[in-house]
Amino acid sequence: MNMVKRFFALLVASLCTVGCVTAQSKLNLDLSGKWKFRVDSLDEGISKKWYSQNLEDEVTLPGSMTTNLKGDDITVNTPWTGSIEDSSWFRNKEYAKYRDPKNIKVPFWLQPVKYYKGAAWYQKAVLIPESWSGSQIKLYLERCHWTTGVWLDDQSLGTKNSLSTPNIFTLPSNLRSGKHKLTIRVDNRVSDINVGQNSHSISDHTQTNWNGVVGKILLEAYPQVIIEDVKLYPDIKTGTVTAKILVNNNSASEKTIGVSLKALNVDRPSDKLPVISKSVKIRGKQLVTVIYPMGKTPMLWDEFNPHLYRMAVSAGSGTTKDERLQQFGMREFGVKNTQFTINGKLTFLRGTLECAVFPKTGYPPTDLASWLRELKICKDYGLNHIRFHSWCPPEAAFDAADQLGMYFQIECGSWANQGATVGDGKPLDRYLYAESERIVSTYGNHPSFCLMAYGNEPAGKNHIAYLTSFVKYWQQKDKRRLYTTAAGWPIVKESDYNSTPAPRIQQWGEGLTSIINSKEPNTMYDWSAKLQGLKQPTVSHEIGQWCVYPDFDEIKKYNGVLKAKNFEIFQDLLNEHGMKNRSNDFLFASGKLQSLCYKADIEAALRTNGFGGFQLLGLNDFPGQGTALVGVLDAFWQDKGYISAKEFSQFCGPVVPLLRLPKMIYNSAETIKGHIEVAQFGPSELKNVATEWEITDDRGKMLFSGKLPAKDIVNGNISLGDFSQPLSSITKPSHLTIKVEIENYKNAWDIFVYPPEKAANDNGILIVDKLTVDVTTQLEAGKKVLLTLKKGSLKPEFGGDIAIGFSTIFWNTAWTKGQPPVTMGVLCNPEHAVFENFPTQKYSNWQWFDAMTHSSPILLNKLSDNIDPLVRVIDDWVTARPLGLLFECKVGKGSLMVSGIDLFTDMDKRPVAKQLKYSILNYMASGRFSPDKTISASAISQILN
């Protein structure tokens, strides 16, 4: 079945079933609906025995206080959960109007309609049927946030605090039928167990620190003999599944219990698999082990063919039995040297982070359809892997991943940093073991659960020793998945795989010294040197983080509990600076540059032989931490209009043609030489396939083509061969595209070719780097002047201190404390005559690297109002300054072109600068150079040191 048909079949099935993974022979009461409610802001509910009282207010569960519009209005004193690295909102004058109690708007994350941190009480009258007499009765709360205490009438049933798994409470064994009062106290404060205020399991940066209960809320009645746990351990080598079944006989006497298993093939129901039965005498709890044969050729699970089975397990005596229907897959996720394998075949992790961004509700969905939609989108963009950053999703996410074929890295709800630590003997140390046990017990049978780490980027003087022990503990206990210490660091030899930020094109704090901002554009580099000495697979941690301008049309999508007040602030600022009509252009142009940066990052990973994979941060936006608009998709997993899934998956997919080029800028007297490779991690070996290449112009006309000899291409990073092409027939400045196709897999790269240098038709144009008295006199008398600023000559107050670079912004400037670049590429009109000899799109491509690394953006509003530059620089949305690199104006009777790009220095080494200068001068020499904006010479002169 193809993936689209399979997706819709699964979606229909999800709408028709409840709890598709685990079904038990139990009776249940659905407790969803209206509950009584009371806020406990004074923390007096326990001491005053609120569980004995009748609460007055009302809410709907499943839900949160916020979805029920309970809590406090947002103020400057709201006690957020999460660090705010840039505190300017609380003190700076420009934010004063957003601190007004009637107009509160915060810039650092999405803003909830209400906020509350503390204890809250939920209460419901329940009727226990007479038919449940003698049953074990349990309260099932699928997801609570966070610490949850339960009372039935006046009796405490205990307290639980899982952030990742259902909280299940056992009701008294002597419970009478009839009406009872069920009271739940939920407390979302961080107390003795500090997982870290920025952990996505609790933080307001993403899902919000909500208070409530979501998902299934049930009372369930079980027989006296109950299956408490089923763990299934597939072995694809032997074609068997080892089932470990924990049976609990709650009766007073020993019983002979019959345990039986039968596997069901979801994709091939006609398969006849046996019933395996076993009788055991049990008093209390006992683990029963059964080895189940899966037949001669069990169907294996992977990303391409996610074949699933369900194991029907029953235990009991006579006619009273407990049953489970447990989903699993026959798969082995392993390691071969420095690469991952799935069922013995090499695979490469192409992942994104899932940071718990749910703007409609502020908490994760628990229904299958929502997760099928999200994961299907990830698959469309070429991904096969999701890392859940410092949180664990509900069961429905695993169900969806099982069905679609997605490899999950699960984390135990913690980012122990910025005030939290691991390994120092604090309660968190014990909690992480307990939480990881709960996670593995609840979700461990899912074939999609392939990787696990404690959480994100740990701190603590003893964190290495602690996390090493954590890894070793789980390696010994459960070999169904691979384990590492943490996302980001530390690397230890005991881990099954490494997670490190070293292999990416922009490091935290690297600024303008990174590969993409300091090296001439090329596609030669990879991460082989960074992997030296590492024996395990390595995954590059949080690559990308490339920003795009806010899409203000997105604001109207926020019709749930979270509002994009941050976007409203940024939109106001843009409007105040006179650029209201530029927002869509800024989005598109910065998005094209963002896409180019992601392509460079991803292809560097794919070019690296023996590499394990990457984890993007991220495919969709991260609205917290100061607003990190790093996604090609928005917070709702919808595209923004500048790159499609089809385009993205050409450089991010199971099979990706690759091209190593020493540079992206050529002279037509040169011969372009490239080396073609392929990252081949598809479903099978490619047999006798030819590699074809072609070079086309900007209208799609093919100029050159060629073919490499046909060959078989096995899985891995495979070298295919060289190609070369003289460019002597290119007689005019050209934007060309090199396309490589291997079977039906395509990829493409832009290059720019310029003919040999010609003398510009400068026609007496003065070319200067400052306006001297003599130059000013000639200009005002009618001369044409090109004023080109040398790097560093622009005064800081006119833009000289703005850290411009080629790439777009990394993460954001608020959280990184202004890490450069603080701009997002260029915006121009490619049809303007000034670019007649300098082919360009309206956005930054590789040919703009030279300009962006040899320039200072000019603050246009410091010169004059309403300057419309020929080349505009897109500023950080937090400052939204009108910046320009090239503009024209009248000065007296003369005409002036001002270039923030240095067109003087090292011109013999800068072919792009030569071509740009040539194009500018030819335009200035023509009759089309006729500025209509007048600026005085003194105003221009004041911008220079």
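Now for a look at the structure at hand.

Reading the values: rules and limits
Residues numbered from 1 in each chain as written. Predicted model: local features only at pLDDT ≥ 70, side-chain atom pairs only at ≥ 80, totals over all residues. Heavy atoms only, no water. Pairing = 2+ DSSP bridges. Helix = DSSP H or I, 4+ residues; strand = E, 2+ residues; numbered from the N terminus. Axes fitted to C-alpha atoms, helices over the stretch in contact; angles between N-to-C directions. 1 Å grid on protein atoms, 1.4 Å probe; cavity = no way out; pocket = protein on both sides within 12 Å on 5 of 7 lines; lining within 4 Å. Points joined across faces, edges and corners; volume = space filled by probe spheres on them. Nonpolar A, V, L, I, M, F, W, Y, C, P; charged D, E, K, R; others polar. Domains from an automatic or database assignment. Parallel < 35°, antiparallel > 145°, perpendicular 65-115°, else oblique. Left-handed = near helix turned anticlockwise from the far one by under 90°. Contact = heavy atoms within 4.5 Å. Salt bridge = Lys/Arg side-chain N within 4 Å of Asp/Glu carboxyl O. Buried < 20%, exposed > 50% of the residue type's maximum accessible area, 1.4 Å probe, protein only.

**Structural notes on the sheet that holds strand β20 (residues 333-336)**
Part 1 of the reasoning: Strand order in this open sheet of three strands is β20-β21-β22, and the pairing throughout is antiparallel. Edge positions in the sheet fall to β20 and β22 (345-347), since each has one partner strand and no second. Each adjacent strand pair in this sheet contributes to an overall mean axis angle of 50°, direction not counted.
Part 2 of the reasoning: In this structure, β20 lies alongside strand β21 (residues 339-342), joined through four bridges in antiparallel fashion. From the neighbouring strand, Gly334 faces β21, where its bridge partner is Thr341.

**Thoughts on empty space enclosed by the protein**
Part 1 of the reasoning: As enumerated under the stated definition, the model contains eight cavities of 30 Å³ or more in all.
Part 2 of the reasoning: By volume, the largest cavity is sized at about 150 Å³.
Part 3 of the reasoning: Lining the largest cavity are 16 residues, and of these Asp86, Pro107, Phe108, Gly626 and Ala814 sit closest to its centre.
Part 4 of the reasoning: Along the lines of polarity and charge, the residues of the lining of the largest cavity split into nine nonpolar, five polar and two charged.
Part 5 of the reasoning: Built from parts of two domains, the lining of the largest cavity gets at least three residues from each of domain 1 (27-219) and domain 5 (766-942).
Part 6 of the reasoning: Taken as a whole, the second largest cavity encloses approximately 100 Å³ of empty space.
Part 7 of the reasoning: In terms of lining, the second largest cavity is formed by 17 residues, of which the most central are Thr66, Lys114, Tyr115, Asn209 and Trp210.
Part 8 of the reasoning: Of the residues contributing to the lining of the second largest cavity, the split by class is seven nonpolar, seven polar and three charged.

**Quick look at the packing of helix α2 (residues 368-380) against helix α3 (residues 395-404)**
Any two packed helices are characterised by how steeply their axes cross, that is the angle between the axes, and by the distance between the axes.
Part 1 of the reasoning: Where α2 meets α3, the axes come as close as 8 Å, and the angle between the chain directions of the two elements is 45°. If you check the angle between α2 and α3, you find them oblique. In terms of crossing hand, the pair formed by α2 and α3 is right-handed. Only Ala396, Ala397, Asp399, Ala400, Ala401, Gln403 and Leu404 of α3 make contact with α2, whose side of the interface consists of Leu368, Trp371, Leu372, Leu375, Lys376 and Lys379.
Part 2 of the reasoning: Its residues placed into classes, the contact of α2 with α3 shows nine nonpolar, one polar and three charged.

**A word on the pattern of salt bridges**
Part 1 of the reasoning: Counted according to the given criterion, the structure contains 45 salt bridges.
Part 2 of the reasoning: Asp73 serves as the salt-bridge partner of Lys114, at 2.6 Å between the closest nitrogen and oxygen. Placement of Lys114 in the loop between β5 (111-112) and β6 (119-128) and of Asp73 in the loop between β4 (63-64) and β5 is noted, with a sequence separation of 41 residues between them.
Part 3 of the reasoning: Lys770 is the partner of Asp769 in a salt bridge, and the nearest nitrogen-oxygen pair spans 3.4 Å.
Part 4 of the reasoning: Look at Asp769 and you get partly exposed, because its relative accessible area is 21%.
Part 5 of the reasoning: A residue is classified by how much of its surface remains accessible, and Lys770, at 46% relative accessible area, is partly exposed.
Part 6 of the reasoning: Three or more residues joined by partner-sharing salt bridges are found here, namely Arg582, Asp585, Lys842, Asp868 and Arg872.

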